[in-house]
Amino acid sequence: MRSVQDGAPLIGRRAVLAGGAAGLALAHSRALAQTFVRLPLGSSPRARALTKDFPQKGEMILQRSRPPLLETPFAVFDKGVLTPNDRFYVRWHYSDIPTTVDVDSFRLKVHGHVEHELSLSLSELMALPHVEMTAVNQCSGNSRGLFAPRVAGGEWGNGAMGNARWTGVRLSDVLKKAGVKPGSVQVRMHGLEKPPVAASPPFRKSLALDHAMDGEVMIAFAMNGEALPLLNGFPIRMVVPGWYATYWVKMLSDLEVLDKPDTNFWMATAYTIPDTPHADMMPGQTGVKFVPINKMVPRSFITNLQSGAKLPRQGKSLIRGIAFGGDEGVKTVELSLDGGRNWAAARLGKDEGKFSFRRWEADVTFPKPGDYMLQVRCTNTAGIVQPAVPNWNPAGFMRNVIESTRVTVA
Ligand SMILES: Nc1nc2c(c(=O)[nH]1)N[C@H]1C(S)=C(S)[C@@H](COP(=O)(O)O)O[C@H]1N2
Ligand SMILES: [Mo]
């Protein structure tokens, strides 16, 4: 992460106001689809509507309209290492999301086990030192629709992820300002949306205090140099680099320092994974210990070809894609033309930091005509490699199997 020098382009008041004003009434009821896309899911239905009806969003795959679950069409990832804000996926648990946020009266509250309670305006928050980082935001359930046997939840393809350059302030600087009292163990975060009925547990997520203080966890006010789209958390959101997006609380309004571990529904029941390698278990298996989901694991994808593509026998074919290392950088990306028997290293693109997508490409000559199973695998700098066999767990979390693309060479 680098510090932003004084005088670097700041996201000033005007940008913040513009973002707020653009937060129009949500297009829940409109979401009229003109076209459909077929996702490579494990089971039917595979068709999804494409929609342009959500504020500050271009064409997105409509997974659910209330609350909005919008998936990034996979072709977007072929265009560049950063995911544009208007194509960045959207996921909310509750539909009662503010449609505008008044930047003058907005306050971030810091309370609980602290020396001084704070109620920070956006200008006070933005007066802290600015930091920037490129990082992947990936839903825990990205690719859930590929789980077999099928599991309940948003049946995402591979587009519940995105990579952006985030600008913000360090969570540790905010906590230092409040003065964390000895005996504190966690920091609990929540945002401005409301549960539909009083009995539903508000969406609250907690991080261990040492994680919250690591200087990398950020409260972001800008994404790719612009104010956050409303649906991605305007005016401020958490960025927890290397960790699944469930911790990246949007429209962050409240930080509470806890002196006991958080046992709320969203920490203790939802978003837990089997405490096993690859968060893997057998369907129906009992006696499995579950723990809160945490660090991401490496993944890689081909972005310029889809299964069913036809490639020429003569000459070279350029195959390219993206990879990320999870909570570590990308060490290698390898490509196999024979379903995983032989592997050759791909060329890596520019290193945008260890939490970012990394582009890769390879020039491939196919030895003879026929059907090929292309596979791509990433190894991160900690030596963790994608598994050859898909994992399974009841919530459909943490898929990171080596992906396969069938092509025909003629
Ligand atoms: N306030 C709030 N923040 C939230 C959520 C939510 O429901 N409410 N969902 C989380 C989950 S599960 C995901 S996957 C990410 C999605 O971030 P995005 O919509 O910006 O892509 O937001 C996280 N932050
Ligand atoms: Mo998520």
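### Quick look at the overall build of the protein chain
Regarding its fold elements, the protein chain presents five helices and 27 strands. Taking 22 Å as the expected radius of gyration for a compact globule of 410 residues, we find that the protein chain reaches 21 Å, a close match to that expectation. With respect to the principal axes defined by its C-alpha atoms, the protein chain has extents near 70 × 50 × 45 Å. Expressed as a percentage of its 410 residues, the buried residues of the protein chain come to 56%. Relative to all contacts within the protein chain whose residues are 6 or more apart in sequence, the contacts with residues 24 or more apart total 71%.

### Quick word on the side chain of Asn264
By the secondary structure assignment, Asn264 is in the loop between β16 (252–258) and α5 (265–268). Once residues within four sequence positions are removed from consideration, Asn264 is found in contact with Arg188, Pro202, Arg204 and Thr269.

### A look at the confidence of the model for the protein chain
A low pLDDT means the predicted coordinates there should not be read in detail. Mean pLDDT for the protein chain: 92, with 92% of residues reaching 70 or above. Mean pLDDT values over the elements of the protein chain span from 38, in helix α1 (residues 13–21), up to 99, in strand β15 (residues 237–239). Low pLDDT (under 50) marks residues 3–33, which in the prediction has 60 contacts with non-local residues, meaning those over four places away or in another chain.

### Observations regarding the sheet that holds strand β7 (residues 108–112)
The strands that make up a sheet are held in pairs by hydrogen bonds between backbone atoms, and each pair lies either parallel or antiparallel. As summarised here, the arrangement of the five strands in space is β8-β7-β16-β11-β12, forming an open sheet in which the pairing is mixed. On the outer flanks of this sheet lie β8 (118–120) and β12 (204–208), each paired with one strand and no other. For this sheet the average axis-to-axis angle between neighbouring strands, irrespective of direction, equals 20°. Sheet analysis places strand β11 (residues 186–191) next to β12, joined by five bridges and oriented antiparallel. Of the residues in β12, the one forming a bridge with Val187 is Leu207. Set on the sheet, helix α3 (residues 171–178) makes contact with β7, β8, β11 and β16; between it and β8 the angle comes to about 135°.

### Notes on the site of ligand 1
The immediate surroundings of ligand 1 are formed by 19 residues, with Tyr89, His93, Glu193, Arg237 and Lys250 found nearest. Separating an oxygen atom of ligand 1 from a side-chain N or O atom of Arg237 is a distance of 2.6 Å. Considering ligand 1 on its own, with 530 Å² of exposed area, one finds that the protein chains cover 100% of that surface. The residue inventory of the shell around ligand 1, partitioned by class, reads eleven nonpolar, four polar and four charged.

### Some points on the pattern of salt bridges
Evaluation of the coordinates by the stated rule reveals 15 salt bridges. Salt bridges here are not isolated pairs; linked through shared partners, they connect Arg188, Glu256 and Asp262.

### Notes on unusual backbone geometry
Trans is the common state for peptide bonds, and a negative phi is the common state for residues other than glycine. Along the chain, Ser44 connects to Pro45 via a cis peptide bond; the corresponding omega equals -5°. Tracing the sequence through the fold places Pro45 in the loop between β2 (35–38) and β3 (47–51). Between Phe234 and the following residue, Pro235, the backbone shows a cis peptide bond with an omega angle of 5°. Along the chain, the position of Pro235 falls in the loop between β14 (226–227) and β15. Positive phi, close to 50°, is recorded for Asn224, a residue that is not glycine. When you line up the elements, Asn224 lands in the loop between β13 (218–223) and β14. The exposure class of Asn224 is partly exposed, given its relative accessible area of 23%.

### Comments concerning the environment of Val385
One can find Val385 in the loop between β26 (370–380) and β27 (403–409). Ignoring sequence-local partners within four residues, the contact set of Val385 consists of Pro298, Arg377, Cys378 and Thr379.

### Side note on the sheet that holds strand β6 (residues 90–91)
Strands sit in the order β2-β3-β4-β5-β6 across an open sheet of five strands; the sheet is antiparallel. Only two strands of the sheet have a single partner each, and these edge strands are β2 and β6. Of the strand pairs in this sheet, β2 and β3 are connected by four bridges, and their pairing is antiparallel. Among the inter-strand pairings, Thr35 is bridged to a residue of β3, identified as Leu50.

Here is what the cut-offs are and how they apply
- Residues numbered from 1 in each chain as written.
- Chains lettered and ligands numbered in written order.
- Predicted model: local features only at pLDDT ≥ 70, side-chain atom pairs only at ≥ 80, totals over all residues.
- Heavy atoms only, no water.
- Helix = DSSP H or I, 4+ residues; strand = E, 2+ residues; numbered from the N terminus.
- Rg over C-alpha atoms; globule rule 2.2 N^0.38 Å.
- Buried < 20%, exposed > 50% of the residue type's maximum accessible area, 1.4 Å probe, protein only.
- Contact = heavy atoms within 4.5 Å.
- pLDDT = per-residue confidence, 0-100.
- Pairing = 2+ DSSP bridges.
- Axes fitted to C-alpha atoms, helices over the stretch in contact; angles between N-to-C directions.
- Near = heavy atom within 4 Å.
- Polar contact = N/O pair within 3.5 Å; in protein donor to acceptor, adjacent residues only side chain to side chain.
- Areas by Shrake-Rupley, 256 points an atom, 1.4 Å probe, with all protein chains shown as cover.
- Nonpolar A, V, L, I, M, F, W, Y, C, P; charged D, E, K, R; others polar.
- Salt bridge = Lys/Arg side-chain N within 4 Å of Asp/Glu carboxyl O.

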